[in-house]
Amino acid sequence: MSNYHIKHLEEYWQVYRKSVRNPENFWEEIAEEHFLWRKKWDNVLSWDFTKPEVKWFEGATLNITENCLDRHLATRANKTAILFEPNDPKENAQHITYKELHQRVATMANVLREQGATKGDRVCIYLPMIPELAIAVLACARIGAVHSVVFAGFSATALATRINDCDCKIVICSDGSFRGSKTINLKEIVDEALESCPGVKTNLVVKRTGGEVTMKEGRDTWLQPLLDNADTICKATIMDAEDPLFILYTSGSTGKPKGMVHTTGGYMVYTAYSFKNVFQYREDDVYWCTADIGWITGHSYIVYGPLCNGATTVMFEGVPSYPDFSRFWQIVEKHKVTQFYTAPTAIRALAKENLDFVEKHDLSSIKVLGTVGEPINEEAWHWYNDHVGKKNSPIVDTWWQTETGGIMISPIPYSTPTIPTFATLPLPGIQPALMDENGEEMKGNQVEGRLCIKFPWPSIARTIYGNHDRYRDTYFSAFKNMYFTGDGARRDAVGYYRITGRVDDVIIVSGHNLGTAPIEDAINEHPAVAESAIVGFPHDIKGNALYGYITLKETGEDRNQDNLRKEINQLITDRIGPIAKLDKIQFTEGLPKTRSGKIMRRILRKIASKDTGNLGDTSTLLNPEVVQNILDNALG
Ligand code: WTA
């Protein structure tokens, strides 16, 4: 019997030790007992981090939607699978049962098939947080098409890059989206994107806002009439465990976004197992993760993990501030939410508002609170613990990444004693290592280094779409035989992990990973800009905000700096999206560079953070004189 559900600390240690002693055995037992396979595997795991290559459950066949849907029909047909809470609180919530979801997924899958989608084809989904988003994701999985969900806050250029990178022929979008008091015309963004996506033959449009859209003949089709005419039964395509399930883009420190490829069997096993344990999920719980399905958190812990467990998963269309700052708490009370999973940036934003917003609601249904996306600061942790959890609900500070597919380091609630700002202990099967600058593993406790993982786990991304070399170079070349996370971490006296933040040029703003290079590329497109460098600086709500140092071309003309700032931020909004806008823009005479011509970001980071006491040795710079000038003109 596998220990599928950990209930106390001693049990955690027992399970953890077992999982590390013989990982293959450990995951095999879990895979055997808790999932529906069409055929079992020939081999549990083969791996080689130097290639790198990882294969779990090779030879097995399955369809993940049979695990998320079909197998629940016997016992949970009338249970709510997706509980949809619309943007407007006056619009009714929708309780979509397992039976209904099964049918709607099958219908959508049949439409996709009719449109020519087959196993292995990539389908781009650009939808707001409405049920059709989850349904589209599952419909792709039903027929073995590979979904590539693009967060519906990305710009037309960002969308086009992602569509072209993995060569999607079909796009699913909506006319628009509701976000708080705003209505956004998504179709217009898609139209603009598709102008540079000649490969897209079909664009299926979901009607949500009823706003005016132009439909391009031969390409754009309203989805509903197709659904009305489609069969409601759809035989699942049988997939190999290692067939790709989805692609999800994440920012790298350089170059274009990386299309992380996740495969089917291992991803399913790991997300389901981690969901069950990290949220201590029980049959009648109402689980709510506030993330967007456009991010990995939504893939793994709104859709796949919860549905694999037959859970009720809440999907919220709106924003925490609409109609007012009590919206989250009003929803918790209304649906008696038992697990609430959100991001530190949301907590910080809500903690700034009047306490009355949270105190006037009955939050007594909550049993577990979670955070994800960036380190949570102590103040936010305490506010969450005191005012939302009433000091009564454990907080799981879950550390993981798009690349890891599932939660890696996290307390198990009611088992692991929590400490603010510590992600605490690795989940079973996860073997972290801290590495020093010489590439040696730092053994023992009370050490700080670069966080690596030394053994594969079932949901590790298998490659970067179309660029396996980049996958190897980014994750497996910094340290021999290790997966390198890009994060730094400390291991304290009792072995708890505290994530200290990125050690590369990725900056996390409001929980979104942003690479500096793509933003700089966007800025440099401005005709007046000669050169730019972006760094992060601490921000009360966003965690980090962006500070841009920009050198203008010498044209002799005197340009209005405020206008320039606006134009530059508009460029960033167009190329990437509003999330990447700069909070501060300082125009500089030059940027500090090493003799080999590399921009010294360390110095710029310190100046942006007002940590100018010790800038280190600047005398070896190619142009030390610019530093004083930057200091003199630094923005407050
Ligand atoms: C950061 C999100 C500290 C980290 C699931 C990681 C965190 C990056 C935490 C991945 C946490 C995520 N504490 N830092 N609990 N969770 N991070 O790919 O830097 O959007 O590498 O995946 O977010 O972000 P991604």
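Residues numbered from 1 in each chain as written. Predicted model: local features only at pLDDT ≥ 70, side-chain atom pairs only at ≥ 80, totals over all residues. Heavy atoms only, no water.

You'll find the chain entered in an unreviewed UniProt entry as Acetate--CoA ligase, with Marinirhabdus gelatinilytica given as the organism. Per UniProt, the chain has the following entry under Sequence similarities (unreviewed entry): "Belongs to the ATP-dependent AMP-binding enzyme family." (UniProt positions renumbered as here; feature names shortened; annotations may be inferred.)

Caption draft 1: Inspection of the sheet that holds strand β8 (residues 170-174) at higher detail. Spatially, the eight strands line up as an open sheet ordered β12-β11-β8-β6-β7-β14-β15-β23, and their pairing is mixed. Of all strands in the sheet, those bounded by a partner on one side alone are β12 (220-222) and β23 (463-464). In the sheet, strand β11 (residues 202-206) pairs with β12 via three bridges, with the strands oriented parallel. For N203, the partnering residue across the bridge sits in β12 and is D220. Running at roughly 165° to strand β6 (residues 122-126), helix α7 (residues 156-165) makes contact with β6, β8 and β14 (244-250) of the sheet. Helix α11 (residues 296-308) contacts β7 (146-149), β14 and β15 (258-263) of the sheet and is inclined by roughly 140° relative to β14. (Pairing = 2+ DSSP bridges. Helix = DSSP H or I, 4+ residues; strand = E, 2+ residues; numbered from the N terminus. Contact = heavy atoms within 4.5 Å. Axes fitted to C-alpha atoms, helices over the stretch in contact; angles between N-to-C directions.)

Caption draft 2: Molecular detail of the UniProt feature "domain: AMP-binding enzyme C-terminal" (unreviewed entry) in the chain. According to UniProt, the "domain: AMP-binding enzyme C-terminal" (unreviewed entry) feature falls on residues 519-598. Span residues 519-598 is 26% helix and 32% strand, its end C-alpha atoms 17 Å apart.

Caption draft 3: Summary view of helix α16 (residues 468-475). Residues of α16 that are buried: R470, Y471 and Y475. Buried residues in α16, looked at end-on, bunch into an arc of 105°, giving them a common side. For α16, the secondary structure elements touched by its buried residues are β15, β23 and β24 (483-491). (Buried < 20%, exposed > 50% of the residue type's maximum accessible area, 1.4 Å probe, protein only. Arc of directions from axis to C-beta.)

Caption draft 4: Just the sheet that holds strand β28 (residues 529-539), in detail. Taken in spatial order, the three strands make up an open sheet running β28-β29-β30, and their pairing is mixed. The open sheet is flanked by β28 and β30 (584-588), the only strands paired with a single partner. Adjacent strand axes in the sheet meet at a mean angle of 25°, parallel and antiparallel pairs treated alike. When β28 meets strand β29 (residues 543-552), the two strands line up antiparallel, connected through 10 bridges. Each residue of the ladder has a partner; that of P538, found in β29, is N544.

Caption draft 5: Focus on the pattern of salt bridges. For the structure on display, the rule yields 41 salt bridges. Close ionic contact of E91 with R208 constitutes a salt bridge, the shortest N to O distance being 3.2 Å. With E91 in the loop between β4 (80-85) and β5 (94-97) and R208 in the loop between β11 and β12, this pair connects stretches of sequence that are 117 residues apart. Given the relative accessible area of 28%, E91 is considered partly exposed. By relative accessible area, R208 is classed as buried at 19%. The closest approach of N and O atoms between R502 and D504, which form a salt bridge, is 2.6 Å. Using a relative accessible area of 25% as the deciding quantity, one classes R502 as partly exposed. (Salt bridge = Lys/Arg side-chain N within 4 Å of Asp/Glu carboxyl O.)

Caption draft 6: The site of the ligand, seen in detail. Around the ligand sit 17 residues, and of these D397, T398, T402, D487 and R502 come closest. Between E374 and the ligand, the recorded distance is 3.4 Å, taken from a backbone N or O atom to a nitrogen atom. Contact between the ligand and T402: an oxygen atom at 2.6 Å from a side-chain N or O atom of the residue. For the shell around the ligand, the secondary structure elements donating two or more residues are α11, β20 (395-398) and β25 (497-502). Taken together, the residues of the shell around the ligand sort by class into seven nonpolar, six polar and four charged. (Near = heavy atom within 4 Å. Polar contact = N/O pair within 3.5 Å; in protein donor to acceptor, adjacent residues only side chain to side chain. Nonpolar A, V, L, I, M, F, W, Y, C, P; charged D, E, K, R; others polar.)

Caption draft 7: A negative patch on the surface, seen in detail. A surface patch of like charges, here negative, comprises E188, E192, E195 and D574. Examined against the element boundaries, D574 turns out to sit in helix α18 (residues 561-575). (Patch = residues over 30% accessible without salt bridge, like charges linked within 9 Å, V, L, I, M, F, W, Y side chains within 5 Å. Areas by Shrake-Rupley, 256 points an atom, 1.4 Å probe, with all protein chains shown as cover. Lys, Arg positive; Asp, Glu negative; His and termini not counted. Charge placed at Lys NZ, Arg CZ, Asp CG, Glu CD.)

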